[in-house]
Amino acid sequence: MTPRKNPVSRQIAFYGKGGIGKSMVAANLSAVLAGRGRSVLQVGCDPKADSCKALLGGRKVANVLELLKTRSADSLAAKDFLHEGFAGVHCIEAGGPEPGIGCAGRGIILAIDVMTKTGVYARGYDYVIYDVLGDVVCGGFAVPIREGYADRVYLVVSGEFLSLYAANNIMKAIHRHAQRSATRLAGIVANLTGAPRERPIVTAFAAAYGLEVLEFLPRDPAVQDSENHGMSVIERHPDSPIGKRLAALARKIETRTTAIVPKPLDDSSLNALVLRAARS
Ligand code: ADP
Ligand code: MG
């Protein structure tokens, strides 16, 4: 197994299909943990570079890949790409290439490299939270798993088949690299869309890997309103239904120590599982 690369206490990665709610969950977790006095670094690993917006007053900030267009990696200092947000959360966006050219995951590889060189990891955060697009677990997107940067992966899913399909692909990546990487699956978070039979479907999906769903997050207009104001739900609507569930989720992530190597499903078993749960 590869040795630990840095003195960070806990390294968490949220993976899931695009648009499923990873950044919403990641930013609110960061907000809760920082509010409890933990030092937190959130690393946006989606080419959209919008992971930390809700922690930064709605601002989009300079991302690593963008900076590297005009500057060399050796000339960068942490202050160039590290931004302080709500409750003192440190935020970094890896960024992505221009559409149509380059590998979308390259931003992550370069961001991790620059973070290492500029001593960001050496600061020894209590939590580093990676927010990673999980539609394709190739190249850079697999690095937090393949290279063991994330100890624990949380999958954000809904009851929709494609989100479960993407989550199962991430299980495959964890499983494949488990011999040499310390990355383990720690839980499944349901971000509900209102699709029919969603709870039983996500419950059955989690049970197939021997897990319970860590939290069911409701669809809630508080999310949109907070986003429109450039804030996390924890900052703007902490007492909303989803605000309470997000705080509960953060407590579970802090206290529970589940860490498994999941046994991925083949495509037909995944299909059959969803059909069964949708009917029962
Ligand atoms: P991802 O990071 O996975 O691409 P986001 O966190 O950006 O997804 O969420 C996608 C969109 O869905 C955002 O506009 C967000 O505000 C909205 N959203 C996510 N979860 C909820 C929810 N539980 N209730 C209402 N809107 C939500
Ligand atoms: Mg996102």
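This one's a predicted model, so the numbers in the text were calculated from it and none came from an experiment.

Participant: Honestly, the site of ligand 1 in this entry has me stumped. Any pointers?
Facilitator: The environment of ligand 1 is made up of 17 residues, and the closest members are G19, K22, S23, N191 and E227. Take K22: an N or O atom from its side chain is 2.8 Å from an oxygen atom of ligand 1. Looking at the shell around ligand 1, the elements that each hand over two or more residues are α1 (22-35) and α8 (221-228). Per-class residue counts for the shell around ligand 1 are five nonpolar, six polar and six charged.

Participant: Just checking my understanding: could you explain the packing of aromatic side chains for this structure?
Facilitator: For any two aromatic rings, the description comes down to two numbers: the centre-to-centre distance and the angle of the planes. In the structure shown here, the tally under the stated rule is four aromatic pairs. Pairing F205 with Y209 gives two aromatic rings, centres 5.0 Å apart and planes at 75 degrees, and the pair type is edge-to-face. Each member of the pair, F205 as well as Y209, is classed as buried. Across from the ring centre of F216, 4.5 Å away, lies the NZ or CZ of R199, which sits over that ring.

Participant: Quick question: what am I supposed to make of the layout of surface pockets here?
Facilitator: Over the atoms rolls a probe the size of a water molecule, and its path tells where empty space is left. A volume near 680 Å³ is recorded for the largest pocket. The wall of the largest pocket is formed by 31 residues, among which G21, S23, M24, V223 and E227 lie closest to the centre. Where the lining of the largest pocket is concerned, the elements lending two or more residues are α1 and α8. When grouped by side-chain class, the residues that make up the lining of the largest pocket number eight nonpolar, 13 polar and 10 charged.

Participant: Help me out: how do you make sense of the pairing of strand β8 (residues 213-217) in this one?
Facilitator: In summary, the side chains of a regular strand alternate between the two faces of the sheet. Among the five residues of β8, five are classified as buried, and the element is accordingly described as predominantly covered. When strand β7 (residues 184-191) meets β8, the two strands line up parallel, connected through four bridges. Paired with A190 across the bridge in β8 is F216.

Participant: It is not clear to me how the packing of α1 against helix α10 (residues 241-255) should be interpreted in this structure. Could you clarify?
Facilitator: At their nearest, the axes of α1 and α10 sit 9 Å apart, and the two run at 70 degrees to each other. Between α1 and α10, the angle falls in the class roughly perpendicular. Together, M24, V25, N28, L29, V32 and L33 of α1 and I242, L246, A247, L249, A250, I253 and E254 of α10 make up the contact between the two elements. Partitioned by chemical class, the residues of the contact of α1 with α10 number 11 nonpolar, one polar and one charged.

Participant: For this particular structure, what's the right way to read the pattern of salt bridges?
Facilitator: If charged atoms from side chains of opposite charge come close, those side chains can pair. Inspection of the entire model under this criterion finds 12 salt bridges. In this structure, D225 and R236 form a salt bridge, with 2.5 Å as the shortest nitrogen-oxygen distance. On the criterion of sequence distance, the pair formed by D225 in helix α8 and R236 in helix α9 (residues 233-236) is long-range, its members being 11 residues apart. Three or more residues joined by partner-sharing salt bridges are found here, namely R36, R38 and E254.

Participant: Before we go on, may I ask you to explain helix α4 (residues 106-117) in this structure?
Facilitator: A turn of α-helix holds 3.6 residues, and therefore any two residues three or four places apart point the same way. Here α4 is 12 residues long and its end C-alpha atoms lie 17 Å apart, about the 16 Å a rise of 1.5 Å per residue gives. Within the span of α4, buried status applies to G107, I108, L110, A111, I112, V114 and M115. Each element contacted by the buried residues of α4 is listed here: β2 (40-45), α2 (64-70), α3 (78-81), β4 (90-93), β5 (127-133) and α5 (139-146). Phi turns positive one or two residues past the end of α4, at G119, with a value near 80 degrees.

Participant: Before we go on, may I ask you to explain the nonpolar core in this structure?
Facilitator: Counting 60 residues, the largest nonpolar core has F81, V120, Y130, V153, L155, I188 and F205 as its most contacted members. Apart from residues no more than four positions distant in its own chain, F205 is found in contact with V157, L164, A167, N168, M171, I188, L270 and L273. In terms of nonpolar packing, the next biggest core, distinct from the first, is built from 37 residues, A31, L55, I129 and A186 among them.

Participant: So what exactly am I meant to see when it comes to the environment of D126 here?
Facilitator: Mapped onto the elements of the fold, D126 is located in the loop between α4 and β5. Here D126 falls in the partly exposed class, since its relative accessible area comes to 26%. Taking the C-alpha atoms as reference, D126 lies 28 Å from A222; in sequence the two are 96 residues apart. Sequence-distant contacts of D126, that is, excluding residues within four places in its chain, are made with S9, R10, G37, R38 and S39. A polar side-chain atom of D126 sits 2.9 Å from the main-chain amide nitrogen of S39.

Participant: Quick question: what am I supposed to make of the sheet that holds β7 here?
Facilitator: The pairing of strands in a sheet happens through backbone hydrogen bonds and is either parallel or antiparallel. Reading across from one edge, β3-β4-β2-β5-β1-β6-β7-β8 is the order of the eight strands in this open sheet, with mixed pairing throughout. Taken across any chain shown, the strands that pair with only one partner, and hence form the sheet edges, are β3 (83-84) and β8. Here β3 pairs with β4 via two bridges, running antiparallel. Across the sheet, residue E84 finds its bridge partner in β4, namely H90. Along the sheet face, α5 touches β1 (10-16), β2, β5 and β6 (152-157) and points at about 140 degrees away from the line of β1.

Calculation notes
- Residues numbered from 1 in each chain as written.
- Chains lettered and ligands numbered in written order.
- Predicted model: local features only at pLDDT ≥ 70, side-chain atom pairs only at ≥ 80, totals over all residues.
- Heavy atoms only, no water.
- Near = heavy atom within 4 Å.
- Polar contact = N/O pair within 3.5 Å; in protein donor to acceptor, adjacent residues only side chain to side chain.
- Helix = DSSP H or I, 4+ residues; strand = E, 2+ residues; numbered from the N terminus.
- Nonpolar A, V, L, I, M, F, W, Y, C, P; charged D, E, K, R; others polar.
- Phe/Tyr/Trp six-rings, centres within 6.5 Å; stacked < 30°, edge-to-face > 60°.
- Buried < 20%, exposed > 50% of the residue type's maximum accessible area, 1.4 Å probe, protein only.
- Lys NZ or Arg CZ within 6 Å of the ring centre and 35° of its normal.
- 1 Å grid on protein atoms, 1.4 Å probe; cavity = no way out; pocket = protein on both sides within 12 Å on 5 of 7 lines; lining within 4 Å.
- Points joined across faces, edges and corners; volume = space filled by probe spheres on them.
- Pairing = 2+ DSSP bridges.
- Axes fitted to C-alpha atoms, helices over the stretch in contact; angles between N-to-C directions.
- Parallel < 35°, antiparallel > 145°, perpendicular 65-115°, else oblique.
- Contact = heavy atoms within 4.5 Å.
- Salt bridge = Lys/Arg side-chain N within 4 Å of Asp/Glu carboxyl O.
- Expected span 1.5 Å × (residues − 1).
- Core = buried A, V, L, I, M, F, W, Y, C linked by side-chain atoms within 4.5 Å.

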